[in-house]
Protein chains: 2
Amino acid sequence: MTQHVDAAYQARLDARSGKLSGPTANLAPGHVQANLAILPRALAADFLHFCQRNPKPCPLLAMSEPGDPALPELGRDIDIRTDLPRYRVWRDGELVAEPTDVRDVWRDDLVSFLIGCSFSFEEAMLQDGLPVRHIEQGRNVPMYRTNIQTHRAGVFGGSLVVSMRPLKAADAIRAVQVTSRFPAVHGAPVHLGDPAQIGIADIDTPDYGDAVEIREGEIPVFWACGVTPQSVVAAVRPEFCITHAPGHMLVTDLLNSRMAVL
Amino acid sequence: MTQHVDAAYQARLDARSGKLSGPTANLAPGHVQANLAILPRALAADFLHFCQRNPKPCPLLAMSEPGDPALPELGRDIDIRTDLPRYRVWRDGELVAEPTDVRDVWRDDLVSFLIGCSFSFEEAMLQDGLPVRHIEQGRNVPMYRTNIQTHRAGVFGGSLVVSMRPLKAADAIRAVQVTSRFPAVHGAPVHLGDPAQIGIADIDTPDYGDAVEIREGEIPVFWACGVTPQSVVAAVRPEFCITHAPGHMLVTDLLNSRMAVL
């Protein structure tokens, strides 16, 4: 008996088998991809509260049961220990490994948090005819630490990380409309225009990702970024934690179009 | 037998009796107010087409039958010849009178166009906690001719007029969301940031209305303005036409909240 395997499930199976170990951008178009943070149960309640208080950088798509590698809300047969192409393993805040599989370090007290990612709203922008410069230029999106503080929850807190896409003013207005429809994947921008107002000293030197060209007549538009939760987790230096490697996301069975509230 | 007279109808009755001859700002809160252009039938088809092609500056709420002073879609018992506090009468493009009643110049071939006005979306902004500077400062909204061309229809064409409200970036993003809900009253902004990009040489010298303060960290945000139709009509220099006097609008029975599409 055979079963239909669609592009999203295939991407997970390829990650599981080791056939896929690279970035997931452009895999399974139309499907939601997710950021991953895996924390010991002792930190999970605080982190869940942090996500609840900071939905723009941390739009939580799903949270697992402790020790359970399945995430039935996000797709069939998911094993979070194998189904991402590459992971980062952290001990006491130090990066100790970048494996393609975390079964050997799995623990019964680990809780997985899956957080919405900008790929979803970028797809909506492109479908609306809006330019996405880092995709045009074949680069990673530029990301910046800001002076905007997140709302603290327990041990978790710190500054908001934003991603930036340059747009003409009329396109920036349209991008607010288009991305407002997607609150589960960061939603509307948090700032536009002068980078210094949110504590960014040099727009050409992002803290993460790559710089992109800002053309004559364009303004930088800033969205809350899913790197924020990684940044706040890193600051806590938990005794153990696992995240996805940058750009190596969980490809889910959810459809981007179903993330739109309207 | 008595009939309930609400604030909107009362405003029209007061204009009709001559008791009200001043601006209508803040009268009958919650009710839609409308810009007026009255044109001879020979120009009406072109003007209707102009409105259809330029819905952002010319969101048409209602159009009368030729010669008929009633506008049943906009309110009960409306007589467009008497129910605005003050009019402007134009002959061959020259302003010839500013009466409080136009019954003496009425003609059987006149068609009335009622066009949405920014008061509606400003109310939504204020209810959302967003600042509206010209209201804070007790001034008229600053308006500017731009280098953005409207879409021509027959004899009507010319440049877009915009109104400007200064906002902090995060408030500008929120204002895009709030005003996008009101396409029938100008809707989302058409530009934000650098005034020179849309042909405005000096933000402190508006072409219509009053300058307002732009504070540290604020950007100018520009909406399509209902002065645009008056400006394009004036350019045509029709043999006869009537408009409202600036700020002296038709107060309708429609509710601002019912203008929201979502």
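Bear in mind the structure is a predicted one, so any value in this text is a computation, not a measurement.

On a plain count of helices and strands, chain A comes out with six helices and eleven strands. Relative to the 2.2 N^0.38 estimate, which gives 18 Å for 262 residues, the radius of gyration of chain A is 18 Å and therefore close to what a compact globule would have. The dimensions of chain A, computed from C-alpha atoms along their principal axes, are 55 × 45 × 30 Å. Looking at chain A as a whole, 54% of its 262 residues are labelled buried. When contacts within chain A are restricted to residue pairs at least 6 apart in sequence, those whose partners lie at least 24 apart make up 78%. Summed over its atoms, the accessible surface of chain A is roughly 11100 Å², and 50% of this surface lies on carbon and sulfur atoms. Distance between charge centres in chain A, computed from 24 positive and 31 negative side chains, equals 2 Å.

Of the transformation placing chain A onto chain B, the axial shift is 0.0 Å and the rotation is 180°, giving an RMSD of 0.0 Å. Taken together, the rotation and translation describe the operation of a two-fold axis. With an isologous cut-off of 70% or more, the 100% of interface residues of chain A that recur at the interface of chain B puts this contact in the isologous class.

Before going further, it helps to spend a moment on helix H1 (residues 7-17) of chain A. Residues and elements named next belong to chain A. Buried within H1 we find Ala8, Tyr9, Ala11, Arg12, Asp14 and Ala15. Packing partners of the buried residues in H1 comprise strand E1 (31-40) and strand E11 (250-255). Here H1 starts with a cap whose side-chain oxygen sits 3.2 Å from the backbone nitrogen of Ala8, and that cap is Asp6. Of the residues flanking the end of H1, it is Gly18, one or two places downstream, whose phi is positive at about 90°.

Put simply, side chains in a regular strand alternate between the two faces of the sheet. With three bridges connecting them, strand E3 (residues 87-91) of chain A and strand E4 (residues 94-97) of chain A associate as antiparallel partners. Its bridge partner being in E4(A), A:Arg91 is matched across the sheet by A:Glu94.

Turning our attention to the environment of A:Gln127. Residues and elements named next belong to chain A. As for its position among the elements, Gln127 is in helix H3 (residues 119-127). Since its relative accessible area comes to 66%, Gln127 is described here as exposed. Spatially, the C-alpha atoms of Gln127 and Val5 are 26 Å apart, while their sequence positions differ by 122 residues.

Okay, the domain arrangement of chain A next. Residues and elements named next belong to chain A. If you check the domain split of chain A, you get domain 1 (7-117 + 229-258) and domain 2 (119-228). One C-alpha centre belongs to domain 1, the other to domain 2, and the line joining them spans 22 Å. Taken residue by residue, the interface counts 29 residues in domain 1 and 28 residues in domain 2. Together, the buried faces of domain 1 and domain 2 total about 2400 Å²; carbon and sulfur atoms form 60% of this surface. In terms of surface lost to domain 2, no three residues of domain 1 exceed Lys56, Cys117 and Asn256, which account for 27% of the buried area on that side. Applying the counting criterion to the domain 1 and domain 2 interface returns zero salt bridges. Linking domain 1 with domain 2 are 16 residue pairs in polar contact (both at pLDDT 80 or more), by the criterion used here. Secondary-structure elements contributing two or more residues to the side of domain 1 that touches domain 2 are E1, helix H2 (41-53) and helix H6 (227-236). When grouped by side-chain class, the residues that make up the side of domain 1 that touches domain 2 number 16 nonpolar, ten polar and three charged.

Moving on to the interface of chain A and chain B. How big an interface is tends to be stated in terms of accessible area lost as the parts join. Taken together, the contact pairs 15 residues of chain A with 15 residues of chain B. For the pair chain A and chain B, the summed buried area comes to about 1200 Å², and 71% of that belongs to carbon and sulfur atoms. Where chain A packs against chain B, one counts zero salt bridges. Linking chain A to chain B there are four residue pairs in polar contact (both at pLDDT 80 or more). Of all elements in the fold, only helix H5 (169-180) and strand E8 (191-192) of chain A reach the threshold of two or more residues within the side of chain A that touches chain B.

This part takes up the packing of aromatic side chains. All names here are of chain A. Under the criterion given, the structure shown has twelve aromatic pairs over all chains. When the ring of Phe47 is compared with that of Phe156, the centres are 5.2 Å apart and the planes differ by 75°; the resulting orientation is edge-to-face. Note that Phe47 is positioned in helix H2 and Phe156 in the loop between strand E6 (143-149) and strand E7 (159-168), a separation of 109 residues in sequence. Accessibility expressed as a relative area gives 0% for Phe47, which makes it buried. Overall, the relative accessible area of 0% leaves Phe156 in the buried class. Taking the centre distance of 6.2 Å and the plane angle of 75° together, the rings of Tyr144 and Phe222 count as edge-to-face. In this pair, Tyr144 is assigned in strand E6 and Phe222 in strand E9 (residues 218-224), connecting sequence segments 78 residues apart.

Reading the values: rules and limits
- The residue numbers shown here count from 1 along each chain, following its written sequence.
- Chain A is the first chain written and ligand 1 is the first ligand written, with later ones labelled in order.
- Reporting in this predicted model follows two pLDDT cut-offs: at least 70 for local features of residues, and 80 or more for side-chain atom pairs to be given and counted; totals over whole chains, interfaces and linings ignore these cut-offs and use all residues.
- Hydrogens and water are ignored here; the side-chain numbers use all heavy atoms of the structure.
- A run of DSSP states H or I qualifies as a helix once it reaches four residues; a run of E qualifies as a strand once it reaches two. Both are numbered from the N-terminal end.
- For a compact globule the rule gives 2.2 Å times the number of residues to the power 0.38, and the radius of gyration it is set against comes from C-alpha atoms.
- To sort residues, take the accessible area from a 1.4 Å probe on protein chains only and compare it with the maximum for the residue type: under 20% means buried, over 50% means exposed, and anything in between is partly exposed.
- Residue contacts follow a heavy-atom distance rule, with two residues in contact if any of their heavy atoms lie within 4.5 Å.
- Calculation of accessible area relied on Shrake-Rupley with a 1.4 Å probe; when residues are assessed, cover is drawn exclusively from the protein chains displayed.
- We treat Lys and Arg as the positive residues and Asp and Glu as the negative residues; His and chain ends play no part in the count.
- By convention, the point assigned to a charge is CZ for Arg, NZ for Lys, CD for Glu and CG for Asp.
- Alignment of the copies relies on least squares applied to C-alpha atoms, considering only residues that score at least 70 for pLDDT in both.
- Pairs of N or O atoms are called polar contacts if they sit within 3.5 Å, as long as, within protein, a hydrogen donor faces a hydrogen acceptor (for residues adjacent in sequence, only side-chain-to-side-chain pairs).
- One bridge is not enough; two strands pair if DSSP finds at least two bridges between them.
- Just so you know, the domain bounds were taken from an automatic or database domain assignment.
- Throughout, buried area stands for the accessible area (probe radius 1.4 Å) lost by two parts on being put together, summed over both.
- By salt bridge we mean one thing: a side-chain nitrogen of Lys or Arg within 4 Å of a carboxyl oxygen of Asp or Glu.
- Under the scheme applied here, ten amino acids are nonpolar (Ala, Val, Leu, Ile, Met, Phe, Trp, Tyr, Cys and Pro), four are charged (Asp, Glu, Lys and Arg), and all others, including Gly, are polar.
- Stacked, tilted and edge-to-face pairs are distinguished by plane angle, under 30 degrees for stacked and over 60 for edge-to-face with tilted covering the rest, among Phe, Tyr and Trp rings (Trp via its six-membered ring) whose centres lie within 6.5 Å.

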